[in-house]
Amino acid sequence: MSEVKLFINYEKLSSYVANIVEKQLKEKPNSTFILPTGTTPIGLYKELVKRKLDWSEATTYNLDEYIDNIDPEQSYLHFMMVNLFEHININSDNVHFPKKEHDTEYGFNVDLCLLGIGGNGHIAFNEPGSSFESETRIVDLTEETIKDNSRLFDNIEDVPTQAITMGMKPIMSSKRIVMMANGKHKQRILDKAMFGRLSEELPASILQLHDNMEAVYCD
Ligand code: GLP
């Protein structure tokens, strides 16, 4: 059963999710995490940096990474370094990005998986039509996603058209999932994903089947 918690603003939402991460790290210092990129988790990462938590034993798996001849500064690795990893005491050997297709070890059974949601309901880069059984693999990005993500590039031509993404299977194997959505433009898709029909055309809808999942939203 899915649950959506509403927050009056982005700061409150970010600090709520930071509390979940903090509790997880304190209860189990060697916790494993799946982490998202995008604009939505930036507030969370800021809050986590402020809290000076002990990440020395933690392990992280990022959801996805662009492939193509990408400017290194546009990579998700760079995003994570600047927004989180450079500011916390995580061991760089414990930071992972997807590299190999069909890697059946990558990101499985983590303690806490944090997600954003794309405008078309994608999670990581599992675009509409992705199998609920999918594994880590290389994918073509949809036109809509390329357009959405172009706001972070100088030109739309610079946006990579392919990425390597964690599949739906490892995401669903997480012990706990928290999905974040910020802004009115995400309201409709979040609502459909959480309370609508289960469909591979709306990848985030599979989260309804997870027994320890919540979504958090503010507009
Ligand atoms: C990208 C990422 C997703 C993320 C989505 C939403 O497509 N691959 O993991 O959820 O962007 O981004 P934003 O949070 O900027 O809306």
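Residues numbered from 1 in each chain as written. Predicted model: local features only at pLDDT ≥ 70, side-chain atom pairs only at ≥ 80, totals over all residues. Heavy atoms only, no water.

Asker: Residues and numbers for the side chain of serine 14, please.
Answerer: Tracing the backbone through its elements, the reader meets serine 14 in helix H1 (residues 10-27). Not counting chain neighbours up to four residues away, the residues in contact with serine 14 comprise Gly43 and Leu44. (Helix = DSSP H or I, 4+ residues; strand = E, 2+ residues; numbered from the N terminus. Contact = heavy atoms within 4.5 Å.)

Asker: Which residues make up the state of the cysteines, and what are the values?
Answerer: Taken as a whole, this structure holds zero disulfides when the rule is applied. The structure places no disulfide on cysteine 113, whose sulfur is separated from the nearest cysteine sulfur, that of cysteine 218, by 19 Å. Cysteine 113 gets classed as buried once you look at its relative accessible area, which sits at 0%. (Disulfide = S-S within 2.5 Å. Buried < 20%, exposed > 50% of the residue type's maximum accessible area, 1.4 Å probe, protein only.)

Asker: Hey, could you go over the sheet that holds strand E4 (residues 64-67) for me, with residue numbers and the actual values?
Answerer: Taken together, three strands build an open sheet; the order of strands is E4-E8-E7 and the sheet is antiparallel. This sheet does not close on itself; its edge strands, each paired only once, are E4 and strand E7 (137-140). Averaged over all pairs of adjacent strands, the angle between strand axes in this sheet comes to 30°, irrespective of strand direction. Note that E7 and strand E8 (residues 162-165) share four bridges and pair antiparallel. Among the inter-strand pairings, arginine 137 is bridged to a residue of E8, identified as threonine 165. (Pairing = 2+ DSSP bridges. Axes fitted to C-alpha atoms, helices over the stretch in contact; angles between N-to-C directions.)

Asker: Before we move on, could you go through the site of the ligand and cite the residues and values that matter?
Answerer: Taken together, 13 residues form the shell around the ligand, and within it Thr39, Thr40, Asp64, Arg151 and Lys186 come nearest. One of the backbone nitrogen or oxygen atoms of isoleucine 117 is found 3.4 Å away from an oxygen atom of the ligand. Alanine 124 places a polar main-chain atom, nitrogen or oxygen, 3.3 Å from a nitrogen atom of the ligand. For the ligand, whose unbound accessible area comes to 390 Å², protein coverage reaches 95%. Classifying every residue of the shell around the ligand by side-chain character gives four nonpolar, six polar and three charged. (Near = heavy atom within 4 Å. Polar contact = N/O pair within 3.5 Å; in protein donor to acceptor, adjacent residues only side chain to side chain. Areas by Shrake-Rupley, 256 points an atom, 1.4 Å probe, with all protein chains shown as cover. Nonpolar A, V, L, I, M, F, W, Y, C, P; charged D, E, K, R; others polar.)

Asker: Can you tell me about the packing of aromatic side chains, naming the residues and giving the values?
Answerer: On inspection of all chains with the given rule, the structure shows seven aromatic pairs. Plain terms: the ring middles of tyrosine 76 and phenylalanine 125 are 6.0 Å apart, the flat faces sit at 15° to each other, and that makes the pair stacked. In this pair, tyrosine 76 sits in helix H3 (residues 76-83) while phenylalanine 125 sits in the loop between strand E6 (112-115) and E7, placing the two residues 49 residues apart along the sequence. Each member of the pair, tyrosine 76 together with phenylalanine 125, is buried. Each residue in the set Tyr66, Tyr76, Phe125 and Phe153 is aromatic and connected to the rest through ring pairs, giving one cluster. (Phe/Tyr/Trp six-rings, centres within 6.5 Å; stacked < 30°, edge-to-face > 60°.)

Asker: Requested: an account of the pairing of strand E2 (residues 32-35), with residues and values cited.
Answerer: Side chains of E2 alternate between two faces, with Thr32 and Ile34 and Phe33 and Leu35 buried alike. As defined by bridge partners, E2 adjoins strand E3 (residues 59-62) across four bridges and the pair is classed as parallel. Paired with isoleucine 34 across the bridge in E3 is tyrosine 61. For the crossover from E2 across helix H2 (residues 42-50) to E3, the handedness is right-handed. As defined by bridge partners, E2 adjoins E6 across two bridges and the pair is classed as parallel. When the bridges of E6 are listed, phenylalanine 33 appears paired with leucine 112. (Right-handed = clockwise from strand over helix to strand, strands pointing away.)

Asker: Run through H2, naming residues and quoting values.
Answerer: Listed as buried for H2 are Gly43, Leu44, Tyr45, Glu47 and Leu48. As for H2, its buried residues are in contact with H1, E2, H3, E6 and strand E9 (177-182). In the stretch just after H2, lysine 52 is the one whose phi turns positive, near 50°.

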